[in-house]
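# Fold and contact review
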Amino acid sequence: MILILIMGFLLAMSFFSQEEGTGDFQRRGVLTLIVTAVLCICLAILATAKFWFKHLWKKNSTHARHKQHTKHHPAMREREFRRQRP
């Protein structure tokens with residue numbers, strides 16, 4: 001993210017320094033700053049996703065529910081019933 005931020009600012013500054021009054025390079029510089037900001041925001045969200053969405057990062061988050069489901073499944077009850085009968 002830091003590299004994108006630095007490269008974006010340097011590229012935008014080069015466009016602003018080339019401006020000769022036509023406004024073409026100024027528009028390119030502003031567009032470069034906008035794209036750089038959007039990329040940095042997306043990367044910051046991705047980098048901190050573990051803190052934003054903790055429920056997705058729990059270890060074996062579905063394992064307990066799956067185990068509970070299979071324990072109460074009708075097929076499992078039938079299997080236990082068959083084992084009980086000699």
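For the structure itself, look to the data block above.
First, a word on scope: everything that follows refers to the structure included in this document. (Residues numbered from 1 in each chain as written. Predicted model: local features only at pLDDT ≥ 70, side-chain atom pairs only at ≥ 80, totals over all residues. Heavy atoms only, no water.)

## Considering the overall build of the chain
The secondary structure content of the chain amounts to 5 helices and 0 strands. Each helix (α) and strand (β) of the chain, taken in turn from the N terminus, gives the series α-α-α-α-α. Burial status across the chain gives 12% buried among its 86 residues. A sequence separation of at least 24 residues applies to 39% of the contacts in the chain between residues at least 6 apart. Carbon and sulfur atoms make up 66% of the accessible area of the chain, which totals about 7,800 Å². (Helix = DSSP H or I, 4+ residues; strand = E, 2+ residues; numbered from the N terminus. Buried < 20%, exposed > 50% of the residue type's maximum accessible area, 1.4 Å probe, protein only. Contact = heavy atoms within 4.5 Å. Areas by Shrake-Rupley, 256 points an atom, 1.4 Å probe, with all protein chains shown as cover.)

## Section: helix α2 (residues 24-47)
Here α2 spans 35 Å end to end across 24 residues, near enough to the 34 Å set by a 1.5 Å rise per residue. Buried within α2 are the following residues: Phe25, Gly29, Thr32, Thr36 and Cys40. Along its buried surface, α2 packs onto α1 (2-17). (Expected span 1.5 Å × (residues − 1).)

## A few points about the environment of glutamate 20
Positionally, glutamate 20 belongs in the loop between α1 and α2. At 3.4 Å, the side chain of glutamate 20 forms a polar contact with the side chain of threonine 22. (Polar contact = N/O pair within 3.5 Å; in protein donor to acceptor, adjacent residues only side chain to side chain.)

## Section: the pattern of salt bridges
A complete count under the given rule lists 1 salt bridge for this structure. In this structure, the salt-bridge partner of aspartate 24 is arginine 27, at a minimum N-O distance of 3.5 Å. With aspartate 24 and arginine 27 both in helix α2 and 3 residues apart, the pair spans about one turn of that helix. Under the relative-accessibility criterion, arginine 27 is labelled exposed at 57%. (Salt bridge = Lys/Arg side-chain N within 4 Å of Asp/Glu carboxyl O.)

## Some thoughts on the packing of aromatic side chains
Applying the stated criterion across every chain yields a total of 1 aromatic pair. Geometrically, the ring pair formed by phenylalanine 15 and phenylalanine 25 is stacked, given 6.4 Å between the ring centres and 25° between the ring planes. Of this pair, phenylalanine 15 sits in helix α1 while phenylalanine 25 sits in helix α2, and the two are 10 residues apart along the sequence. For phenylalanine 15, a relative accessible area of 17% translates into the label buried. Residue phenylalanine 25 is classed as buried on the basis of its relative accessible area, which comes to 18%. (Phe/Tyr/Trp six-rings, centres within 6.5 Å; stacked < 30°, edge-to-face > 60°.)

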